[in-house]
Amino acid sequence: MKLSNKSQALHDLIAPAVAACGVDLWGIEFLPQGKRSLLRIYIDKAIDENAEPVLNEDGEVELGRGIGVQDCVLVTQQVGAMLDVHDPISGEYALEVSSPGWDRPFFQLNQLPAYIGHQVALRLIAAVENRRKFQAKLLSVDLENELIQVEVEGNHVLEIDSNNIDKANLIYQD
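Residues numbered from 1 in each chain as written. Predicted model: local features only at pLDDT ≥ 70, side-chain atom pairs only at ≥ 80, totals over all residues. Heavy atoms only, no water.

As annotated in an unreviewed UniProt entry, the protein carries the name Ribosome maturation factor RimP and is attributed to Acinetobacter gyllenbergii CIP 110306 = MTCC 11365. A UniProt comment under Subcellular location (unreviewed entry) is attached to the protein, and it reads "Cytoplasm". The UniProt entry for the protein carries the following comment under Sequence similarities (unreviewed entry): "Belongs to the RimP family." (UniProt positions renumbered as here; feature names shortened; annotations may be inferred.)

Chemist: Residue-level account of the UniProt feature "domain: Ribosome maturation factor RimP C-terminal" (unreviewed entry) in the protein, with values.
Modeler: The sites that carry the UniProt feature "domain: Ribosome maturation factor RimP C-terminal" (unreviewed entry) are, in the present numbering, residues 110-172. For residues 110-172, the helix share is 0%, the strand share is 63%, and the end-to-end C-alpha distance is 19 Å. (Helix = DSSP H or I, 4+ residues; strand = E, 2+ residues; numbered from the N terminus.)

Chemist: I'd like to hear about the sheet that holds strand 8 (residues 131-142), residue by residue, with values.
Modeler: Strand order in the open sheet made by the six strands is 6-11-7-8-9-10, with antiparallel pairing throughout. Strands at the two margins of the open sheet, each flanked by one partner only, are strand 6 (105-106) and strand 10 (156-161). The pairing of strand 7 (residues 119-128) with strand 11 (residues 165-170) spans five bridges and is classified as antiparallel. Its bridge partner being in strand 11, Leu122 is matched across the sheet by Ala168. (Pairing = 2+ DSSP bridges.)

Chemist: I'd like a rundown of the domain arrangement of the protein, residues and numbers included.
Modeler: Per the domain assignment, the segments of the protein are domain 1 (5-101) and domain 2 (106-170). Of the residues lining the interface, six residues belong to domain 1; the matching set on domain 2 comes to five residues. Both sides of the domain 1 and domain 2 interface together cover about 450 Å² of buried area, and 60% of this is carbon and sulfur. Three residues, His11, Trp26 and Glu29, lead the burial of domain 1 against domain 2; their summed loss comes to 79% of the area buried on that side. (Domains from an automatic or database assignment. Contact = heavy atoms within 4.5 Å. Buried area = accessible area lost by both parts, 1.4 Å probe.)

Chemist: Describe the pairing of strand 11, with residues and values.
Modeler: Within a regular strand, side chains alternate between the sheet's two faces. Of the pairings in the sheet, the one linking strand 6 to strand 11 comprises two bridges and is antiparallel in character. When the bridges of strand 11 are listed, Phe106 appears paired with Ala168.

Chemist: Mind laying out the sheet that holds strand 2 (residues 36-44), listing which residues take part and the relevant values?
Modeler: Strands pair in a sheet through their backbones, by hydrogen bonds, and they do so in one of two ways: parallel or antiparallel. One open sheet holds the three strands; their spatial order is 1-2-5, and the pairing between them is mixed. At either margin of the open sheet sits one strand with a lone partner, and together these are strand 1 (24-31) and strand 5 (92-98). In this sheet, neighbouring strand axes are inclined to one another by 15 degrees on average, regardless of whether the strands run parallel or antiparallel. Summarising the sheet, strand 1 and strand 2 pair through seven bridges and their orientation is antiparallel. Directly across from Glu29, in strand 2, lies its bridge partner Arg40. Contacting strand 1 and strand 2, helix 1 (residues 5-19) crosses the sheet at an angle of about 145 degrees to strand 1. Packing against the sheet, helix 2 (residues 69-86) makes contact with strand 2 and strand 5, and its axis sits at approximately 150 degrees to strand 5. (Axes fitted to C-alpha atoms, helices over the stretch in contact; angles between N-to-C directions.)

The following block contains the structure:
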């Protein structure tokens, strides 16, 4: 679950602008696509279970949780202005800002412990037991040794090195 050098540089550049907007930087995806690249930024907010519902400036009721349209607009403006000044991406690019959503992608190992017991989809760099793609139940996360344990088909437990994970995301279930 390591970022490319370009993605890491963009992450480091963008993080202060996102924090200034009062939200957390969940992760970024930088997809160079010829003449027009894509920079996708995922933002998140801590859930405040005790927050009173409030009416925002768009007339929407906010319950003190989650990312709203206004958060995305603010981050887009802040990050867009910062990118215009520093110009870290050559050529044209599209900037997208959104919440991680129900099927949130994971960008760092320390994002996983909150989802132990949930189903995750994994795409690996190198095959484990002749497979590169898994849908599995996340059993444990060892931050110190950078390992995760997952349960696949019928109680079969696999231990996976986090450096072997190309992509990981939550599988939403009711």
